[in-house]
Amino acid sequence: MVSPPTRYLVFFQYFGTKYSGVMGTSNDQSVVGVQNYLEKAAQNLRPIVPIKFHISSRTDTGVHALCNAAHLDIQRAPGKPMFNEKQLVLGLNYHLKPEPIRILNAYRVANSFHARFSALSRTYVYRLLMGCRHHSEIPVFERDLCWAPPGGPLNVPAMQDAAQFLLGTHDFSTFRSQNSETPFRSPIRTIFQVDIRPSAGLLSHHYEHRGLEFWELKFRSRSFLYRQVRRMVGALVAVGQGRLTPRHIKELLEMKDSRAFPVNAMAPPSGLFLKSVEYDEADLEAPRKAVCQLGLSNVFPKPRSARPRGSEDAPGRLNCSFCAGDDELSSAMALSIY
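Cut-offs used in this document
Residues numbered from 1 in each chain as written. Predicted model: local features only at pLDDT ≥ 70, side-chain atom pairs only at ≥ 80, totals over all residues. Heavy atoms only, no water. UniProt positions renumbered as here; feature names shortened; annotations may be inferred. Helix = DSSP H or I, 4+ residues; strand = E, 2+ residues; numbered from the N terminus. Buried < 20%, exposed > 50% of the residue type's maximum accessible area, 1.4 Å probe, protein only. Contact = heavy atoms within 4.5 Å. Areas by Shrake-Rupley, 256 points an atom, 1.4 Å probe, with all protein chains shown as cover. Pairing = 2+ DSSP bridges. Disulfide = S-S within 2.5 Å. Phe/Tyr/Trp six-rings, centres within 6.5 Å; stacked < 30°, edge-to-face > 60°. Lys NZ or Arg CZ within 6 Å of the ring centre and 35° of its normal. Patch = residues over 30% accessible without salt bridge, like charges linked within 9 Å, V, L, I, M, F, W, Y side chains within 5 Å. Salt bridge = Lys/Arg side-chain N within 4 Å of Asp/Glu carboxyl O. Core = buried A, V, L, I, M, F, W, Y, C linked by side-chain atoms within 4.5 Å. Domains from an automatic or database assignment.

If you check an unreviewed UniProt entry, the protein appears there as tRNA pseudouridine synthase from Patagioenas fasciata monilis. We quote the UniProt Sequence similarities (unreviewed entry) comment for the protein here in full: "Belongs to the tRNA pseudouridine synthase TruA family."

Peer 1: Can you break down the overall build of the protein residue by residue, with the values?
Peer 2: Within the protein, the regular secondary structure consists of six helices and 11 strands. Relative to its full complement of 338 residues, the protein shows a buried share of 51%. Nonlocal contacts in the protein, meaning residues at least 24 apart in sequence, comprise 73% of its contacts between residues at least 6 apart. Of the roughly 16300 Å² that the protein leaves accessible, carbon and sulfur atoms contribute 53%.

Peer 1: Tell me about the pairing of strand β4 (residues 101-109), and please be specific about residues and values.
Peer 2: Counting buried positions along β4 gives seven out of nine residues, so the element sits mostly inside the fold. Relative to β4, strand β1 (residues 6-14) runs antiparallel, the two being bridged by eight bridges. Bridged to Leu9 within β4 is Tyr107.

Peer 1: Can you lay out the state of the cysteines for me, pointing to particular residues and giving the numbers?
Peer 2: Tallying each qualifying case throughout the model produces zero disulfides. The thiol of Cys146 is not disulfide-bonded; the next cysteine sulfur, from Cys132, is found 7.3 Å away. Residue Cys146 is classed as buried on the basis of its relative accessible area of 6%.

Peer 1: Any details on the packing of aromatic side chains? Residues and values, ideally.
Peer 2: Scanning all chains against the criterion turns up nine aromatic pairs. Aromatic pair Tyr124 and Phe224: ring centres 5.3 Å apart, planes at 90 degrees, arrangement edge-to-face. Of the two residues, Tyr124 is situated in strand β5 (residues 121-130) and Phe224 in the loop between β8 (213-221) and α4 (228-240); the sequence distance between them amounts to 100 residues. Each member of the pair, Tyr124 as well as Phe224, is classed as buried. Note on Tyr126 and Trp147: the rings are 6.3 Å apart at their centroids and 85 degrees apart in plane angle, and the pair reads as edge-to-face. Taken together, the residues span a long stretch of sequence, with Tyr126 in strand β5 and Trp147 in the loop between β5 and α3 (156-163) at a distance of 21 residues. The two residues Tyr126 and Trp147 agree in class, both being buried. Three or more aromatic residues link up through ring pairs in this structure, and these residues are Phe11, Tyr107, Phe113 and Tyr279. The cationic tip of Arg76 hangs over the ring face of Phe83; the distance from NZ or CZ to the ring centre is 4.1 Å.

Peer 1: Run through the environment of Phe12, naming residues and quoting values.
Peer 2: If you trace the backbone, Phe12 turns up in strand β1. Apart from residues no more than four positions distant in its own chain, Phe12 is found in contact with Val22, Val34, Leu38, Ile55, Leu66, Cys67, Asn68, Ala69, Ala70, Arg102, Ile103 and Leu104.

Peer 1: I'd like a rundown of a nonpolar patch on the surface, residues and numbers included.
Peer 2: Nonpolar side chains collect at one region of the surface, where Val140, Phe141, Leu202 and Leu203 lie side by side and expose about 390 Å² of accessible area between them. Within the secondary structure, Leu203 is located in the loop between β7 (188-199) and β8. For Leu203, a relative accessible area of 36% translates into the label partly exposed.

Peer 1: Describe the nonpolar core, naming the residues involved and giving the relevant values.
Peer 2: Phe12, Phe53, Leu166, Phe175 and Phe219 are the most contacted members of the largest nonpolar core, which totals 79 residues. Sorting elements by how many residues they give to this core places α4 first, with eight residues. The two domains that each donate at least three residues to this core are domain 1 (6-108) and domain 2 (120-279). Excluding its chain neighbours within four sequence positions, the residues that come into contact with Phe219 are Arg122, Thr123, Tyr124, Leu166, Gln193, Val194, Phe224, Val229, Met232, Val233 and Leu236. Listed in part, the seven residues of the second largest apolar core include Cys132, Cys146, Ala148 and Phe214.

Peer 1: For the pattern of salt bridges, give the residues involved together with the corresponding values.
Peer 2: What the rule picks out here adds up to nine salt bridges. Across the pair Asp195 and Arg197 runs a salt bridge, and its minimum N-O distance is 3.6 Å. Residue classification places Asp195 among the buried positions, given a relative accessible area of 17%. Arg259 serves as the salt-bridge partner of Asp257, at 3.1 Å between the closest nitrogen and oxygen. Accessibility expressed as a relative area gives 23% for Asp257, which makes it partly exposed.

Peer 1: Kindly report on the pairing of β8, identifying the contributing residues and their values.
Peer 2: Alignment of β5 against β8, held across nine bridges, turns out to be antiparallel. Each bridged residue has a counterpart across the sheet, and for Tyr124 the counterpart in β8 is Phe219. Where β7 meets β8, eight bridges bridge the pair, whose relative direction is antiparallel. Of the residues in β8, the one forming a bridge with Ile196 is Leu217.

Laid out in C-alpha cells, this is it:
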C-alpha cells in the first residue's frame, strides 16, 4: 500500500549571481533558476512522484537569499519510512554540493500549509558601500554582494528622514516595475519596518584605512511588489545624493504611477538579500519551531492577534545544521535513501 505524501517546509540560502532567479525555468536555457537545482537534488531521494518546490518568495537574477523558504511533498515507495527533518536536510545538501545553494533546516507541516500564502512577513536587506570613487575600488570579496553608488558620500540622515514616508499602508504603484502579474495584483502594501544602519563588510577590518563604509537598508512587510525594494532603495539613494529631497518620496507615492519613478534610479540586484521569511508557529508540527536566518533563527512571531504592528520578534538560538562533513552526509544517504 502506498503511503500518502509528507509535506515539509524547508529554509534555504543561495548566492544568486549565477542564476536566473529563484524560480525554475526550462532546462534548455543556458542559465536556470535555483528551483531547478533544488528539484534535481530532490529527485535523488527516489520519490515515487516527482518533487516540486513551492517557493515562498521570488527573487530576480543576481539577488541573493540569506534565507528563503519553500514547501514540498515527498511520497516514498511502499515500506519506506518518511524522512525525518535531519535526513532531508543532509540528503538534499549532499546532492547540492557543487552549487552555492544550501538547505538550512526543514520542518514537517500539515498538508494545508503553503510556503507562500502562509507567510506572515518577509524581510529584505540591501547593502550599500560608501567611499568608492570608482567601481574598481570595491573589494574583490564584496563583488556582486553590494552596490557602491557613484558621486561621493551619501547624506544618510536625509535618507532616514525620507524612509519614514514609506512606512505604513500605501499604494506603491510608483515603486513597482511592470510585469505580467501587474494587472492582477493590488499595489497596496504595508511596510512594517524601514531601517538604515551601518554594517560590516567581509574582512572589512583589514582595509579600514581605505575609508570604506558599509550600510544596510532593511525592509519588512508581509509581501512586496515586483522590484519594489530595489526601487525604494534607488529612490532613497537619490535622496542621499541630493538628486531628490525627502519630501519627493511622499510625492512619488502620491503619484501612484510607475512611469513617475526617476529614470535609471532603480538599485542593481547585486546588493539585495532576502533575509528571512516568518510563519506562525501554529502552522508547524515540529516541536521546535523557528524561522531560519543564516544559521540561526528567530522565535516564531506570536499569532496575528497578539502582535502589535511593526513589533520585532524575540531572538532565539536554534542552529541550522547545514555544514556537516562528507562522512556524516554519506552515512545519512545510506540510511535514508537506499
